[in-house]
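# Notes for the structure review
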Amino acid sequence: MASGSARKGLESMVRGVLVACAVVLMAVSAAAAQTIRVVAGNDISSSDPHRIMGSDDQLVFSNSFEGLYGHDLDGKLMAMLATANKAAPDGLTYEFALRKDVIFHNGDRFTAEDVRFSWQRATDPRLKNPRAVVVVSNLRDVEIVDSHTVRLHLHRPDASLLENLGEYFYIVPKGLIESIGDEAFAAAPVGTGPFAFADRVAGHQIRLRAHKAHWGYPPSVDGIEIRIVPDGLDRVRLLQAGEADIVVGVPANRTREIGADPAIRVLAGPSYQNIFVSLTNHRADGTLADTKVRQALNFAVDKKSIADKQLAGHARLMAAPCQKGLIGCDIGREPYAHDEKKAKQLLQEAKFNFDKTYRFVTMASGRVPRAPEIAEAIAQNLERVGIKTKLDVLPYGEWLEFVLARRFDEAELVFWTWTDYNNDPIGRLARTVRTDGSNSWVSYPTLDPLIDEANNIIDPKAREEHLRKLFTQIYDDPPFIFLWTLDKLYATAKHVDWQPAVNLVWPVFWKLGTK
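Now for a look at the structure at hand. (Residues numbered from 1 in each chain as written. Predicted model: local features only at pLDDT ≥ 70, side-chain atom pairs only at ≥ 80, totals over all residues. Heavy atoms only, no water.)

A word on the overall build of the protein. In terms of helices and strands, the protein carries 16 helices and 19 strands. Taken against the 2.2 N^0.38 rule, which gives 24 Å for 515 residues, the C-alpha radius of gyration of the protein at 26 Å falls within 12% of a compact globule. Seen through its C-alpha atoms, the protein measures out along the principal axes to roughly 105 × 55 × 40 Å. Taken across its 515 residues, the protein has 56% of its residues classed as buried. Pairs at least 24 residues apart make up 70% of the contacts formed inside the protein by residues separated by at least 6 positions. Put simply, the protein shows about 21,100 Å² of open surface, and 53% of that area lies on carbon and sulfur atoms. If the 62 positive side-chain charges of the protein are averaged to one point and the 65 negative ones to another, these points end up 4 Å apart. (Helix = DSSP H or I, 4+ residues; strand = E, 2+ residues; numbered from the N terminus. Rg over C-alpha atoms; globule rule 2.2 N^0.38 Å. Buried < 20%, exposed > 50% of the residue type's maximum accessible area, 1.4 Å probe, protein only. Contact = heavy atoms within 4.5 Å. Areas by Shrake-Rupley, 256 points an atom, 1.4 Å probe, with all protein chains shown as cover. Lys, Arg positive; Asp, Glu negative; His and termini not counted. Charge placed at Lys NZ, Arg CZ, Asp CG, Glu CD.)

So, in structure tokens, the structure goes:
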């Protein structure tokens, strides 16, 4: 039998062990807490930065990849993988000095070889890059001057080049892709951003790990786990239950209720996400070819009442397909008023076919808050002026596939969203309004040369006026029912230290931590 002193010693030792175990468990718990749990409404549609299909893909790319230039968290242009640039007087050559301290997620050093290779890959027809038209297709050559200097030679001047060198021209590692191939790279993409791709279960989860060797924003957390939860209220419930730290896309009509919880912060701010209904004006049957018909549809929809009811004030009505603050968007026009009498008059003058039922395609909730409810309200407004519609609600992935396939003869009206990535609208106009744009459901041969000419105008004031005239023409001969731009809404647990980037509709986690 142990003596009293021995017994006390044993008890002391046991207590010491228990304390040590507790410390270890606390440390493990603290380490686990450094993985921030995010819930978002939609999965990415592509994990290859040169095959981006929609802005939801930026959930990964904006945090894992970078271009030569980009934007800071306040939306201001900044050098990223470059440190400086020098443009030739004719606007056809740009020389970039590259950072020498950049390391890809796999440990490869970033050099000029990667920039040239990224251009070659992004323009490779096999990849069918849907965004090539914005930047890379206009590059005649990427010349390697030395290991950390490149010259971009352009076919035509591009006044928006620097603004678009981020999201439209991500840099990828030459050596890795040449070694493993495109498909293996897409399955496990490697960039230079603050967070590295770890793994993904399609439709369910994406995990990112911290890239501690990042040149500018080494993360203070260990990683991010993104769960895909389509229903907005379900996302909020996970936050309220302590099973999530950040909600991407809070239901707009529930922000006051959610924000009343002392353990939750609701974060709201304007975004460049434009919401509208695309009107297919070049169908074989000529249904929506008449300008008066498309004007009538704009007068028929009570946008303010719908936005107030469905979005609780988190929307800004628009007169043109852009938000004020974009270059040329201030056209001096008010949004189309709700005027059923005017709508009926225009439809009668255009000899509109009221006997036909028109297909109206929208997306399920997730990408756009309350999209089905908003589309239903629009359909009801159209019914009031005599227009019959058949509303089809597609899951977001099916909707995206449908609109990118550009099956014009299968729908007259398509509920739509597009996102301007910065305050220069030309990238979006070229893809979504120009007749042969990769996302375009409209045809305006008179607008096409104006869109093409915009980037040839180097003088900022002259270019702004040119874009203003272009947006005014779009207002007068509307290809869309103009609706609104949205506030982007997030909710976080109080212990999360994070603010969303200005104007963007996707979360950028460069500065993410815990309190």
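Under the criterion given, the structure shown has 1 disulfide. Put simply, Cys 322 and Cys 329 are joined by a disulfide, and their sulfur atoms are 2.0 Å apart. Where Cys 322 bonds to Cys 329 through sulfur, the torsion about that S-S bond is close to 95°, and the disulfide is right-handed. (Disulfide = S-S within 2.5 Å.)

What follows is about the packing of helix α10 (residues 303-311) against helix α12 (residues 371-384). Look at α10 against α12: their axes get within 10 Å of each other, and the N-to-C directions meet at 150°. The orientation of α10 relative to α12 falls into the category roughly antiparallel. Two packed elements cross with a definite hand, and for α10 against α12 that hand is right-handed. Contacts between α10 and α12 involve Ile 306, Gln 310 and Leu 311 from the former and Glu 373, Ile 374, Ala 377, Ile 378 and Asn 381 from the latter. Looking at the contact of α10 with α12, its residues break down into 5 nonpolar, 2 polar and 1 charged. (Axes fitted to C-alpha atoms, helices over the stretch in contact; angles between N-to-C directions. Parallel < 35°, antiparallel > 145°, perpendicular 65-115°, else oblique. Left-handed = near helix turned anticlockwise from the far one by under 90°. Nonpolar A, V, L, I, M, F, W, Y, C, P; charged D, E, K, R; others polar.)

The next point concerns the environment of Gly 41. Tracing the backbone through its elements, the reader meets Gly 41 in the loop between β1 (35-40) and α2 (58-64). Placed 328 residues apart in sequence, Gly 41 and Pro 369 show a C-alpha to C-alpha distance of 9.7 Å.

What follows concerns the nonpolar core. Across soluble globular proteins, nonpolar side chains show a tendency to be buried alongside one another. Within the largest apolar cluster, 166 residues are counted, with the highest numbers of intra-cluster contacts made by Phe 96, Leu 165, Trp 399, Phe 415 and Trp 484. Looking at which element gives the most residues to this core, the answer is strand β17 (residues 480-493), with 10 residues. Beyond its immediate chain neighbours, meaning those up to four positions away, Leu 165 contacts Gly 67, Leu 68, Tyr 69, Phe 96, Val 135 and Leu 152. (Core = buried A, V, L, I, M, F, W, Y, C linked by side-chain atoms within 4.5 Å.)

Where strand β6 (residues 139-146) and strand β7 (residues 149-154) come together, 6 bridges link them in antiparallel fashion. Of the residues in β7, the one forming a bridge with Ile 144 is Val 150. Where β6 folds back on β7, the antiparallel hairpin that results is connected by 2 residues. (Pairing = 2+ DSSP bridges.)

With that settled, the discussion passes to the pairing of strand β14 (residues 357-363). Within β14, 5 of the 7 residues are buried, leaving the element largely enclosed by the surrounding structure. Bridge count between β14 and strand β15 (residues 388-394): 7 bridges; the pairing is parallel. Of the residues in β15, the one forming a bridge with Arg 359 is Lys 390. Running through α12, the crossover from β14 to the neighbouring parallel element β15 is right-handed. (Right-handed = clockwise from strand over helix to strand, strands pointing away.)

Looking at the secondary structure, you find Gln 58 in helix α2. Reaching out from Gln 58, the side chain makes a polar contact with the side chain of Tyr 170 at a distance of 2.7 Å. Sequence-distant contacts of Gln 58, that is, excluding residues within four places in its chain, are made with Ile 52, Asn 63, Glu 167, Tyr 170, Tyr 421 and Trp 506. (Polar contact = N/O pair within 3.5 Å; in protein donor to acceptor, adjacent residues only side chain to side chain.)

Bringing the sheet that holds strand β4 (residues 82-87) into the picture now. As summarised here, the arrangement of the 4 strands in space is β4-β5-β7-β6, forming an open sheet in which the pairing is antiparallel. Each edge of the open sheet carries a strand with a single partner, namely β4 and β6. Neighbour-to-neighbour, the strand axes of this sheet turn through a mean angle of 20°, independent of strand direction. Bridge analysis of strand β5 (residues 93-98) against β7 gives 5 bridges, and the strand direction is antiparallel. Counterpart to Phe 96 in the pairing with β7 is Val 150. The sheet contacts of helix α3 (residues 112-122) involve β5, β6 and β7, and relative to β6 the element is tilted by about 170°.

In the structure shown here, the tally under the stated rule is 32 salt bridges. Where Asp 182 meets Arg 121, a salt bridge forms, and the shortest distance between an N and an O atom there is 2.9 Å. On the criterion of sequence distance, the pair formed by Asp 182 in helix α6 (residues 182-187) and Arg 121 in helix α3 is long-range, its members being 61 residues apart. This pair shows no difference in class: Asp 182 is buried, exactly as Arg 121 is. Here the salt bridges do not stand alone but share partners, grouping Asp 48, Arg 51, Arg 121, Asp 124, Arg 126, Asp 182 and Glu 183 into one network. (Salt bridge = Lys/Arg side-chain N within 4 Å of Asp/Glu carboxyl O.)

Among the secondary structure elements, Lys 356 is positioned in the loop between α11 (340-349) and β14. Looking at Lys 356, the relative accessible area reads 25%, which means it is partly exposed. Note: C-alpha distance between Lys 356 and Glu 143 (213 residues apart in sequence) is 57 Å. Residues in contact with Lys 356, not counting those within four places in the same chain, are Arg 283, Asp 285, Thr 287, Lys 388 and Glu 412.

This part takes up helix α13 (residues 396-405). Within the sequence span of α13, burial applies to Tyr 396, Trp 399, Leu 400, Phe 402 and Val 403. In a view along the axis of α13, the buried residues occupy a sector of 160°, so they form one face of it. In the segment just after α13, Arg 406 is the residue with positive phi, at about 55°. (Arc of directions from axis to C-beta.)

Now for unusual backbone geometry. Look at Ala 312: it is not a glycine, yet its phi comes out positive at around 50°. By the element assignment, Ala 312 lies in the loop between α10 and β13 (315-317). With phi around 55°, Lys 351 is a residue other than glycine that occupies positive phi space.

What is shown is where atoms sit, not what they do.
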